[in-house]
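Structure assessment
Given next are the chains, with one letter for each unit.
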Amino acid sequence: MKDSLEMEQPILTDQPLSWWKKSLNIRTACLYLLPSFFLFAVFLFYPMAKTVYLSFFLTDQQGIANVFVGLENYQYLLQSESFRKSIKATILFVLYTVPTGVMIALALALLTNEKVKGIGIFRTMYASTMGVSVAASSVVWLFLFHPSIGFFNKIITAIGGESVSWLLDPSWALVSISVTTIWMNIGFSFLILLGGLQNIDEQLYESAKIDGASYLYKLRRITIPMLSPTLFFVLTVSLINAFQTFGQVDILTQGGPSESTNVIVYSIYREAFVNYQFGTASAQSVFLFLCILIVTIMQFKFGEKKVHYQ
Amino acid sequence: MRKSIMFVTMLVLLLVVAACSDDANSENAEAKQNNSSGGATEGQQESTEEDAGPVEATFWHAMSGAGQESLEAIVDNFNDSQDDYTIVPEFQGSYEEALTKFRTVAGTNDAPAIIQTFEVGTKYMIDSGAIEPVQTFIDEEGYDTSILEENILNYYTVDDQLYSMPFNSSTPVMLYNKDAFEEVGLDPDNPPQTFAEIKDAAEQLTIEGERYGFSILNYGWFFEELVATQGGLYVNNDNGRSADATEATFHGKEGLRIFEWIDDMNQAGTYGNFGSNWDDIRAAFQSEQTAMYLDSSAGVANTIETAPFDVGVAFIPHAEEAERHGVIIGGASLWMAKGINEDKQQAAWEFMKFLQTPESQAKWHVDTGYFAINPAAYKEEIVKQRWEQYPQLSVTVDQLQATKPSAATQGALISVFPESRQQVVTSLENLLQGTDPQEALDRAAKETNRVIEQQARANQ
């Protein structure tokens, strides 16, 4: 080690490094990156490039791109009323599900972070929605929302209210799907947040206790700041998940009624695999990608400032 | 230290390269093996054929539940009835899913010998070039298609060629609650037949907050049928049958009458909206939340069996201004793949013929409620018994046989049908939310025209 250093020192001072020598670090780094780069290329970069490529074409019935139309697919999207509805539905869906879901998960995690006998049972219960597949839970909710024999309507009519068309009324459908989604996602957010809470150093609380801090003060000054990296992670992941929601929409409403739940991913699926219009579907995918990219960048830019890393 | 890093990286690189080339090698080897083993099994098949072993042909279908059970029983009957061919039925999900899967293997040796495709996929299948018209075999053998139901053949006959073998066919009918009819003083044996009569009856049958008078599933098929029964066309060029359709025509006076009719009832609070899920609207009828609704003939038997009240079956309604033209065939047909082994095609053809025998059709009709493609099946004993038990079932057959053959009742032929259906459904949903009927219809027509035009450009 020492030898080699001494050997290189004089070269450094005497003459400029050759390109080959200078790039040694980069080359080593590339070697390390090679395996993951290879995997990304096959499963991410190639499909992405292909999507962008397809978005400039019309496809025939075999799904082969054969008419180059330039930006026409994008132009159509921007003018299309149903795409505007898709965007609106997606944004509303994200606003309905992400803050509520994370808030509920945080409340549950705080509750179960207490050291009480038998707390394990509750922790398991709250995390259990993670183990239920989207399809299975959607079918259960489908029965709960059923217009004539559903559980919710039975209860509402039993106490004298008027039954609600949960999935058939455009103003209720998205709310119904959001409720389902929040329920499904709580398990995951809860588990991650609970893990974050458990990682917070006990000593901080002990010192606060000695200082006589109240529960809310501790929550505001210790728990939330110390939990912020986890919270940030959960927020980012939930946000991306919400943008990409598909299963529950497909099973509960198929994008209806009046396209009120036709979120972008569902609209992409329908364009591509029901209507075989891979061009417009790809254009929508590119649009969605850009949206998620921008939101994530913004999150890192503005959200991360509030994150406290130890 | 640096040397050791270099060494390790070199080692990794070496491994990666080796692994890659290894992969390639083994892939090649595998491919070779596959080829040779494929060749071997094919060879074996050929040789066993000579030894009178059966030819295996795959049959992709989209029937679940009772349909799947019945279908598999019929396939077993076929396999047992002779020794030359074995049909292997494989469930591939819904019609849409089965078609999507077929697209990936179409025209290759991996394609199934037979695939079941829904009626609106007809145009797509013809244009795909991956199928062998069954007319080829009919001509070769002089098979007599006149034994089959004319109105069903009509749908699948394009340019005088029968492209696919009709299999499960259904039409819409109106179901109504006879007990409710009596309760409000309507004649249960004389159901309303025109739009205006339905509107009146719906008003009488409606009990606010409890029961609606009339409902239609939010599904494009019913709209198509209601247009056709007035003699209206869905698209131009004789419903796309004399030449490729270039424009939607369903927003003309026939379509508008339907939308206005629904709008009137919806405004009056006599029209129940139960969404686009078949089970939901059936449940609504069973739980007496709607007194009349349109359903597929394939669902009639089950509804009659499970309803806690007396169920009546009637022809679908038509507008006063237009005479009744009848119904379009819905359901699916069986397509034969091209580019597969000739023996397999022969197996598929033999199976298709077996399916059309009165015995198979009688079993199919009784088990599922789909029509018998071969009307001789209606004379079979099991069908007679069934009809005696549920006399309403024969209404569905009467309606089909009373249909006047024309471009309208032949049904539209467009390859973008699935998308057009979605547009109609969205318009229907908008209508129920209070959009003006003409405006709602025009929107669907505009969107349909756009995709027809785009499709034409892409397939030049």
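Quick caveat, the model's predicted, so the values are computed rather than measured.

Points about the domain arrangement of chain B
Residues and elements named next belong to chain B.
- Taken domain by domain, chain B comprises domain 1 (49–170 + 330–379) and domain 2 (172–326 + 407–458).
- On a C-alpha basis, the centroid separation for the pair domain 1 and domain 2 is 29 Å.
- Between domain 1 and domain 2, the contact holds 16 residues from the first and 14 residues from the second.
- Summed over both sides, the interface between domain 1 and domain 2 buries roughly 1,300 Å², with carbon and sulfur atoms accounting for 54% of that surface.
- A per-residue breakdown of the area domain 1 buries against domain 2 is headed by Val120, Lys123 and Tyr155, which together make up 42% of the total.
- Viewed at the interface, domain 2 and domain 1 are joined by 2 salt bridges.
- With a closest N to O distance of 2.8 Å, Lys123 and Asp244 form a salt bridge.
- The interface formed by domain 1 and domain 2 contains 5 residue pairs in polar contact (both at pLDDT 80 or more).

Some details on the interface of chain B and chain A
- Listed as interface residues are 38 residues of chain B and, on the opposing side, 40 residues of chain A.
- Our count for the contact surface shared by chain B and chain A stands at 1 salt bridge.
- Notably, a salt bridge pairs Arg457 of chain B with Glu72 of chain A, separated by 3.1 Å at the nearest N-O pair.
- Scanning the region where chain B abuts chain A turns up 8 residue pairs in polar contact (both at pLDDT 80 or more).
- Among the secondary structure elements, those contributing two or more residues to the side of chain B that touches chain A are α1 (2–50), α3 (95–105), α4 (122–128), α12 (278–286), α19 (417–432) and α20 (437–458) of chain B.
- If one sorts the elements of the side of chain B that touches chain A by residue count, α20 of chain B sits on top with 7 residues.
- Across the side of chain B that touches chain A, the residue classes tally to 12 nonpolar, 16 polar and 10 charged.

Regarding helix α14 (residues 278–303) of chain A
- With 26 residues, α14 of chain A should reach 38 Å at 1.5 Å per residue; the first-to-last C-alpha distance of 36 Å fits that figure.
- Taken together, the buried positions of α14 of chain A are occupied by Phe278, Gly279, Thr280, Ala281, Ser282, Ala283, Gln284, Val286, Leu288, Ile292, Thr296 and Gln299 of chain A.

Some details on the packing of aromatic side chains
- Applying the stated rule across the entire model yields 48 aromatic pairs over all chains.
- Between Phe223 of chain B and Phe250 of chain B, the aromatic rings sit 5.8 Å apart at their centres with planes inclined by 90°, giving edge-to-face as the arrangement. Residue Phe223 of chain B is located in helix α9 (residues 220–229), and its partner Phe250 of chain B is located in the loop between α10 (236–240) and α11 (253–268); the two are separated by 27 residues in the primary sequence.
- Look at Phe223 of chain B and you get buried, because its relative accessible area is 3%.
- Residues Trp364 of chain B and Tyr370 of chain B carry aromatic rings whose centres are separated by 5.7 Å and whose planes lie at 5° to one another, so their mutual orientation is stacked.
- Through pairs of rings, three or more aromatic residues link up here, namely Trp141, Phe145, Phe151, Phe152, Trp166, Trp172 and Trp183 of chain A.
- A cation sits over an aromatic face here: Arg421 of chain B above Phe417 of chain B, 5.6 Å from the ring centre.
- In this arrangement the basic side chain of Arg450 of chain B is found over the ring face of Tyr76 of chain A, its NZ or CZ atom lying 3.6 Å from the centre.

As for the pattern of salt bridges
Residue and element names in this part refer to chain B.
- Tallied over the entire structure, the rule returns 17 salt bridges over all chains.
- The closest approach of N and O atoms between Lys363 and Asp367, which form a salt bridge, is 2.8 Å. Highlighted residues: Lys363 and Asp367, both in helix α15 (residues 358–368), separated by 4 residues, approximately one helical turn.
- Judged by relative accessible area, Lys363 falls into the partly exposed class, the value being 26%.

Observations concerning a negative patch on the surface
- Together, Asp179, Glu182, Asp187, Glu288 and Asp310 of chain B make up a negatively charged patch on the protein surface.
- Among the structural elements, Glu288 of chain B can be located in the loop between α12 and β10 (290–296).

Comments concerning α19 of chain B
Residue and element names in this part refer to chain B.
- In a regular helix each residue adds 1.5 Å, so 16 residues correspond to 22 Å; α19 covers 23 Å between its end C-alpha atoms and thus fits that length.
- Burial of α19 is extensive: 16 of the 16 residues sit out of reach of the surface.
- Within two residues after α19, Gly434 carries a phi angle of roughly 105°, on the positive side.

Focus: the environment of Gln345 of chain B
Residue and element names in this part refer to chain B.
- As for its placement among the helices and strands, Gln345 is situated in helix α14 (residues 342–355).
- Accessibility expressed as a relative area gives 7% for Gln345, which makes it buried.
- C-alpha of Gln345 to C-alpha of Pro191: the two residues are 154 residues apart in sequence and 48 Å apart in space.
- Not counting the four nearest positions on each side in its chain, Gln345 is found in contact with Glu132, Phe137, Met336, Ala337, Lys338 and Ile340.

The rules behind these values
- Residues numbered from 1 in each chain as written.
- Chains lettered and ligands numbered in written order.
- Predicted model: local features only at pLDDT ≥ 70, side-chain atom pairs only at ≥ 80, totals over all residues.
- Heavy atoms only, no water.
- Domains from an automatic or database assignment.
- Contact = heavy atoms within 4.5 Å.
- Buried area = accessible area lost by both parts, 1.4 Å probe.
- Salt bridge = Lys/Arg side-chain N within 4 Å of Asp/Glu carboxyl O.
- Polar contact = N/O pair within 3.5 Å; in protein donor to acceptor, adjacent residues only side chain to side chain.
- Helix = DSSP H or I, 4+ residues; strand = E, 2+ residues; numbered from the N terminus.
- Nonpolar A, V, L, I, M, F, W, Y, C, P; charged D, E, K, R; others polar.
- Expected span 1.5 Å × (residues − 1).
- Buried < 20%, exposed > 50% of the residue type's maximum accessible area, 1.4 Å probe, protein only.
- Phe/Tyr/Trp six-rings, centres within 6.5 Å; stacked < 30°, edge-to-face > 60°.
- Lys NZ or Arg CZ within 6 Å of the ring centre and 35° of its normal.
- Patch = residues over 30% accessible without salt bridge, like charges linked within 9 Å, V, L, I, M, F, W, Y side chains within 5 Å.
- Areas by Shrake-Rupley, 256 points an atom, 1.4 Å probe, with all protein chains shown as cover.
- Lys, Arg positive; Asp, Glu negative; His and termini not counted.
- Charge placed at Lys NZ, Arg CZ, Asp CG, Glu CD.

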